[in-house]
Amino acid sequence: ASPAEVHIGGEGFLLKASPVPATDWVLVTAAKQDEALARLNQLIVSIAVALVIVGLAAAALSALSVSKLLGGLHRVRDAMRQIGSGAGDLTQRLPVNGRDEIDEIAEAFNGFVGKIEGVMRDVRDAVGSTLYSGTTEIQYELAARCLGL
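Residues numbered from 1 in each chain as written. Predicted model: local features only at pLDDT ≥ 70, side-chain atom pairs only at ≥ 80, totals over all residues. Heavy atoms only, no water.

Undergrad: I'd like a description of the overall build of the protein chain, backed by residues and values.
TA: When helices and strands are counted, the protein chain shows two helices and three strands. Mapped in sequence order, the helices and strands of the protein chain form the string β-β-β-α-α. Out of the 149 residues in the protein chain, the part that is buried amounts to 12%. For the protein chain, contacts bridging at least 24 residues in sequence account for 21% of all contacts bridging at least 6. (Helix = DSSP H or I, 4+ residues; strand = E, 2+ residues; numbered from the N terminus. Buried < 20%, exposed > 50% of the residue type's maximum accessible area, 1.4 Å probe, protein only. Contact = heavy atoms within 4.5 Å.)

Undergrad: Account for the pairing of strand S3 (residues 26–32), with residues named and values stated.
TA: Bridge count between strand S2 (residues 11–19) and S3: seven bridges; the pairing is antiparallel. The residue bridging Leu14 from the neighbouring strand is Ala31, located in S3. The hairpin formed by S2 and S3 contains six residues between the paired strands, and Ala22 there has a positive phi angle of roughly 65°. (Pairing = 2+ DSSP bridges.)

Undergrad: Pulling in residues and values, what's your account of the pattern of salt bridges?
TA: With the rule as written, the count across this model stands at five salt bridges. Across the salt bridge formed by Glu11 and Lys32, the nearest N and O atoms sit 3.3 Å from each other. Taken together, the residues Glu11 in strand S2 and Lys32 in strand S3 connect sequence positions 21 residues apart. A salt bridge links Arg93 to Glu117; the shortest N-O distance between them is 2.7 Å. Of the two residues, Arg93 sits in the loop between helix H1 (33–84) and helix H2 (101–146) while Glu117 sits in helix H2, which places them 24 residues apart along the sequence. Salt bridges here are not isolated pairs; linked through shared partners, they connect Arg93, Glu117 and Arg121. (Salt bridge = Lys/Arg side-chain N within 4 Å of Asp/Glu carboxyl O.)

Undergrad: Help me get a handle on H1, residues and values and all.
TA: Along its 52 residues, H1 runs 73 Å from first to last C-alpha, staying within 8% of the 76 Å computed at 1.5 Å per residue. Those residues of H1 not exposed but buried are Gln33, Gly72, Val76, Ala79 and Ile83. (Expected span 1.5 Å × (residues − 1).)

Undergrad: How would you sum up the nonpolar core? Please name residues and give values.
TA: Among the nonpolar cores identified, the biggest contains seven residues, and these are Val76, Ala79, Ile83, Leu94, Ala106, Phe109 and Val113. Not counting chain neighbours up to four residues away, the residues in contact with Ala106 comprise Leu94, Pro95 and Val96. (Core = buried A, V, L, I, M, F, W, Y, C linked by side-chain atoms within 4.5 Å.)

Below is the structure:
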């Protein structure tokens, strides 16, 4: 059974009674409540302080980890914005430093931009050859008219 709480002379005491074997006696021990619980109260305060410190350390570590993870997303976002702005450099590639999800996004982005760059090169080459052949035809036509052919 738990100790009984009593007040004697305005102070709180904890009483514990135990029978003494082979006698009809009962041994009663008394302790001032403040003294008996002082170590327990210190322990509770120490545990609370430790929990606060561990909680703050965990929060700081989580914030640092999230910041590091989001840094990769910010790189991807900035590169996409630059290319989407119309003046983007299609030769730009994102660094792939590992095998996490951000690096997989960067790798996919690099592949996507590579394909767009190839398409743009093909369009440039096609337009260039068309302009060249069109210019050549115009030159022949002008020469023929000038010579009266």
